[in-house]
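Chain by chain, the residues:
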Amino acid sequence: MRSRGFWNDVKKYRTLLLMLVPGVLFFLLFAYIPMAGIVLAFKQFNYSGGIFGSPWNGFDNFRFFFDSGDAWRVTRNTALYNIAFIVVNNGLQIFAAILLFEVAGKWFRKITQTVMFLPYFISWVVVGAIAYNLFNYDVGTINMLLHKIGMESIDIYNTAAYWPVILVLVSAWKALGYGTIMYLAAITSIDTEMYEAAEIDGANIFQRIRKITIPNLMPTVIILILLAIGNIFRGDFGMFYNMVGNNGLLFSSTDVIDTFVFRLLITSNEIGMSAAAGFYQSLLGFATIMLANYAVRKYDKDHALF
Amino acid sequence: MRRKNTKFMFLLAMIVAVSAFLSACGGNGGSTNAQTNKPAESDSGTAANTVKEENTGPDLSEEVKLKMLLVGGKPADYDEVFGELNKLLKEKINATVEAEFLDWSDWTQKYPLKFAANEDFDIAYTANWAFYNDQARKGGFLELNEDLLSTYMPQTWAAMPAVSWEQAKVDGKLYMVPNNNTEVTDKVVLIREDLRKKYNLDPVNSPETYANYVKTIAANESGFNAFGAKPADGWKWHELDQILLEQQNEWNLVDYSMPLAYKLEDASSKVFNVYDTPEFRQLLDYYKDLADNKGWSKNIVNNKNDVWQDIKAGKTGSYAQNLGTVAFNLAEMRRDKPEYEAAIVDLTPDKKKIGAISTQNGMAIHVTSKHVERSLMLIDLLQNDKEIHDLTMYGIAGKHYEPVGDDKYNAGPSAANYTGFSNWGWNSQLNRSDASYPVEADEILAGWQEKVYHFPLETFVFDDSKVKNEVANVGNVMLRYAIPLEYGLIADLDKGQEELNKQLKSAGIDKIQTELQTQIDAFLAALQ
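Residues numbered from 1 in each chain as written. Chains lettered and ligands numbered in written order. Predicted model: local features only at pLDDT ≥ 70, side-chain atom pairs only at ≥ 80, totals over all residues.

Caption draft 1: Inspection of the overall build of chain B at higher detail. When helices and strands are tallied, chain B shows 20 helices and 16 strands. Burial analysis of chain B (528 residues in total) assigns 42% to the buried set. Relative to all contacts within chain B whose residues are 6 or more apart in sequence, the contacts with residues 24 or more apart total 77%. (Helix = DSSP H or I, 4+ residues; strand = E, 2+ residues; numbered from the N terminus. Buried ≥ 20, exposed ≤ 12 C-beta atoms within 10 Å, placed from the backbone. Contact = placed C-beta atoms within 7 Å.)

Okay, structure coming up:
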């Protein structure tokens, strides 16, 4: 009875299933099969043995990370930064998407969208260089402006306290356009009849946003956030490395797992140790996404990922 | 309505997942490369066979294409010069060569990956500062023996001093054909002589006169950095440390990734932590004084500019480098920017000098190379065939260089189109010197030669495999605590030094020190 149902379904949804095939193959090839490489985290890698032939060395590869005394600090930094990015970026993106949706002028909307999208395409290396020219003490734009209005220069690159704010702002600036378009697409797919009905009932624009747009956006928001949470223990290396570089004074508040591991291993080229760090991040990420999904399920079954 | 939204969301979720995955791919892709390990036993087999065939020499009937890994940017006229080279090679050893260049910006990341992924190449540039020991120990290079060398590189075998081969051995085994050239590793400083004269300063020849130069320039020239450095690339020392800490005190640091040194004159070579010495404390005062007098930018640790380009552009007043590099800069300055006058100064003229060991530059054979014999023959020609050596070192005569006699040259009209990569790997006695090479650099070098100090640990190389975790963590501490301290960014020096040493302790410096001392003692014992 059940199996007949299954084959029926296969037949019924064959077109959809066919469309699923490339995606499944992709993940199988690039995500599931390479997962076997995890064994490297427990091996003393050498060229003659390769991935599977190298000798095992237990948890030795993890030692460098936990012996450093910094494991907790960088893990905490990574998670906190990512939480800040998720909250701030998604908040701003939803806000911008609703604004753009409500603005009538087609030209204005297109131009704004394009301008907001631009930073997304700028490489972090370039952003790092722009930041240096903005923030540096001697000739930076910000300090020049402060001078002009008779204020003291601020030493941004040697003051760790500024950096969490700077990094969150830069991340928001860069991700704004991309996320806005995603949310704008979601808003556009909301049934317009609801708005028409609301308008006839005399709802003003704020009421429409609060009662129609936002509730209808929630499923999208939850999915995007759930997906982002899976990566909460992976720092955006390009961003942190290019913004902060090797400035030791800032490490206390800017070091994330990725930059920390990079710095420790860049000269030793121990593949096993890097694999161990990656494995640690994956494990934490897996645990978080399971928990988050469980929490969402509790709250509303339909909104959960699985 | 509900349904419509679910479909949309599914699509959206897919898109996000795929794009997130694609972006993650960039970082993780490296580990997915499967290893195909083909041992090189067939090579040594055929090699042994051909040796037995007596005077007929190696079998050259089959044409082979060799691949060579070099570091540095690909020169603009690569095709032309290597095209010429391949004509010669075809004639002499029935082979052609193709070089792959790993750009300076990221060669440290790509180089080990080439080996890890076991890419197809035969020859690789290597050096004691370019993964030689590391890759040799990991099994990336083919071990070379006397048989192979004397058979396939007769000229090199004849020309190379025996001590150079000895210096190139790792754990008693040879993996490199070192360059055959004498160098001194001491560093010097390039200053703006015109500015020194402008402010009527004493000639710069000591740490004190240099400090005076830096402070005066900083006070009087606005928008100008008296000293420039590039610590943003992860270098763990103040760029003047080699001069002011090592050369000045006649110490030798074992490895630039940890702060452990011994005194050159100490026969027992007791290792100590340089950060825990009064000399270092004094140096911190010296640096702090320069920093407080705006001797360098407050944001020097975030500077990513090429310091030499800043000097050439008239924005920076001095930097520390090898004599050879600085001499080259000086010649370039005279050619391109005659309005600035630069000078090379040695801040420690009376101290002992350390000669470069042969592994400063060299070429090695990839362990999985299928053309070992031909590769060795190629290196032989590169290093010791006058025609090929000239071509590969200086480019095409009349275009990239003008030969002057047998041992000198002048830069040709398109000299800039064939330079900037590691052809130093086959430096040899056939090297020509630049006719415009600054005389003062030659004089400094000549003065140094007699002060070169030979000591038992000259060729000692630390094997850090037992203390990898500690070395990684100590390096991190240096970057985080020592660099800001040395660049004068921390107000309280005593507290800074104390914190630095405390952190080093918890990172495991003592364990490294014990391991290092054990290895040094064993090395010295083996010499007797």
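Caption draft 2: Geometry of the overall build of chain A. Check the secondary structure of chain A and you find 15 helices and zero strands. If one aligns the C-alpha atoms of chain A with their principal axes, the spans along those axes are about 80 × 70 × 35 Å. Put simply, chain A has 306 residues, and 29% of those count as buried. Of all intrachain contacts in chain A linking residues separated by at least 6 positions in sequence, the fraction that spans at least 24 positions is 67%.

Caption draft 3: Region of interest: the sheet that holds strand S11 (residues 318-322) of chain B. Residues and elements named next belong to chain B. Spatially, the three strands line up as an open sheet ordered S11-S7-S12, and their pairing is antiparallel. Of all the strands in the sheet, the pair left with one neighbour each is S11 and strand S12 (342-345). Ignoring strand direction, the axes of neighbouring strands in this sheet form an average angle of 30°. Taken together, the five bridges between strand S7 (residues 187-192) and S11 define a ladder with antiparallel strand orientation. Residue valine 189 lies in a different strand from S11, and its bridge partner there is alanine 320. Contacts between helix H14 (residues 323-336) and the sheet are confined to S7, S11 and S12, with S11 contributing the most and set at about 125° to the helix. (Pairing = 2+ DSSP bridges. Axes fitted to C-alpha atoms, helices over the stretch in contact; angles between N-to-C directions.)

Caption draft 4: Structural view of the packing of helix H9 (residues 163-188) of chain A against helix H11 (residues 205-229) of chain A. All names here are of chain A. Viewed as axis vectors pointing N to C, H9 and H11 meet at an angle of 120°, and their least axial separation amounts to 10 Å. With respect to their mutual orientation, H9 and H11 come out oblique. Judged by the sense of rotation from one axis to the other, the crossing of H9 with H11 is right-handed. Counting all contacts with H9, which are made through Tyr183, Ala186 and Ile187, the residues of H11 involved are Thr213, Leu217 and Thr220. (Parallel < 35°, antiparallel > 145°, perpendicular 65-115°, else oblique. Left-handed = near helix turned anticlockwise from the far one by under 90°.)

Caption draft 5: Quick look at the domain arrangement of chain B. All names here are of chain B. Domain boundaries assigned for chain B yield domain 1 (62-183 + 358-448) and domain 2 (187-352 + 462-527). One C-alpha centre belongs to domain 1, the other to domain 2, and the line joining them spans 30 Å. Between domain 1 and domain 2, the contact holds eight residues from the first and seven residues from the second. Here the element with the most residues in the side of domain 1 that touches domain 2 is helix H17 (residues 439-449); it accounts for four residues. A per-class count over the side of domain 1 that touches domain 2 returns five nonpolar, one polar and two charged. (Domains from an automatic or database assignment. Nonpolar A, V, L, I, M, F, W, Y, C, P; charged D, E, K, R; others polar.)

Caption draft 6: Representation of the sheet that holds strand S9 (residues 260-263) of chain B in the model. Residues and elements named next belong to chain B. The antiparallel open sheet is built from three strands, whose spatial order is S8-S9-S10. Here the strands that pair on one side only, and so sit at the sheet edges, are strand S8 (251-253) and strand S10 (272-273). Relative to S10, S9 runs antiparallel, the two sharing two bridges. Residue leucine 260 lies in a different strand from S10, and its bridge partner there is asparagine 273.

Caption draft 7: Looking closely at the packing of helix H14 (residues 257-265) of chain A against helix H15 (residues 271-299) of chain A. Residue and element names in this part refer to chain A. Following both chains from N to C, one finds H14 and H15 inclined at 170°, their axes separated by 10 Å at the closest point. For the element pair H14 / H15, the angle class is roughly antiparallel. Contact residues: Ile257, Val261 and Leu265 in H14; Met273, Ser274, Ala277 and Gln281 in H15. By residue class, the composition of the contact of H14 with H15 is five nonpolar, two polar and no charged.

Caption draft 8: Representation of the nonpolar core in the model. Residue and element names in this part refer to chain B. The biggest cluster of nonpolar side chains holds 116 residues, and the ones touching the most others in it are Leu190, Ile344 and Val474. Considering each element in turn, this core owes the most residues, 10 residues, to helix H18 (residues 468-486). If you count residues domain by domain, this core takes at least three from each of domain 1 (62-183 + 358-448) and domain 2 (187-352 + 462-527). If we ignore the near neighbours within four places in the chain, the residues touching isoleucine 344 are Val188, Leu190, Val326, Ala327, Leu330, Glu440, Ala441 and Ile444. Judged by nonpolar contacts, the second largest core, of 54 residues, contains Ala95, Tyr132, Ala136 and Met153. (Core = buried A, V, L, I, M, F, W, Y, C linked by C-beta atoms within 7 Å.)

Caption draft 9: Here's a closer look at unusual backbone geometry. Residue and element names in this part refer to chain B. The phi torsion at asparagine 118 lies on the positive side, around 50°, for a residue other than glycine. Looking at the secondary structure, you find asparagine 118 in the loop between helix H4 (107-116) and strand S3 (123-126). A positive phi angle is found at phenylalanine 131, which is not glycine, with a value near 70°. Looking at the element boundaries, phenylalanine 131 is found in the loop between S3 and helix H5 (132-138). Overall, phenylalanine 131 belongs to the buried group, with 24 C-beta atoms counted inside 10 Å.

Caption draft 10: The confidence of the model for chain B, seen in detail. All names here are of chain B. When pLDDT is averaged along chain B, the result is 85; 89% of the residues meet or exceed 70. Across residues 20-55, confidence stays below pLDDT 50; counting only partners more than four residues off in sequence or on other chains, it has 35 contacts. As scored by the predictor, the complex reaches a pTM of 0.77 and an ipTM of 0.83. (pLDDT = per-residue confidence, 0-100.)

Caption draft 11: Representation of helix H10 (residues 207-220) of chain B. Its 14 residues give H10 of chain B an end-to-end C-alpha distance of 20 Å, which sits within 8% of 20 Å, the value for a rise of 1.5 Å per residue. Residues of H10 of chain B that are buried in the fold lie against S7, helix H9 (193-198), helix H12 (278-292) and S11 of chain B. (Expected span 1.5 Å × (residues − 1).)

Caption draft 12: Main features of the environment of aspartate 434 of chain B. Residue and element names in this part refer to chain B. Looking at the element boundaries, aspartate 434 is found in strand S16 (residues 433-434). Accessibility expressed as a C-beta count within 10 Å gives 18 for aspartate 434, which makes it partly exposed. Setting aside its immediate chain neighbours within four residues, aspartate 434 contacts Ala331 and Tyr409.

Caption draft 13: View of the environment of methionine 68 of chain B. Residues and elements named next belong to chain B. Relative to the elements of secondary structure, methionine 68 occurs in strand S1 (residues 64-71). Each C-alpha atom, one on methionine 68 and one on valine 97, is 7.0 Å from the other, the two residues being 29 residues apart in sequence. Among residues more than four places away in sequence, those in contact with methionine 68 are Val97, Ala99, Phe121, Asp122 and Ile123.

Caption draft 14: Fine view of the environment of tyrosine 199 of chain B. All names here are of chain B. Structurally, tyrosine 199 is set in the loop between H9 and H10. Using a count of 13 C-beta atoms within 10 Å as the deciding quantity, one classes tyrosine 199 as partly exposed. Separated by 233 residues in the primary sequence, tyrosine 199 and arginine 432 place their C-alpha atoms 38 Å from one another. Each residue touching tyrosine 199, except ones within four places of it in the same chain, is listed here: Thr216 and Asn220.

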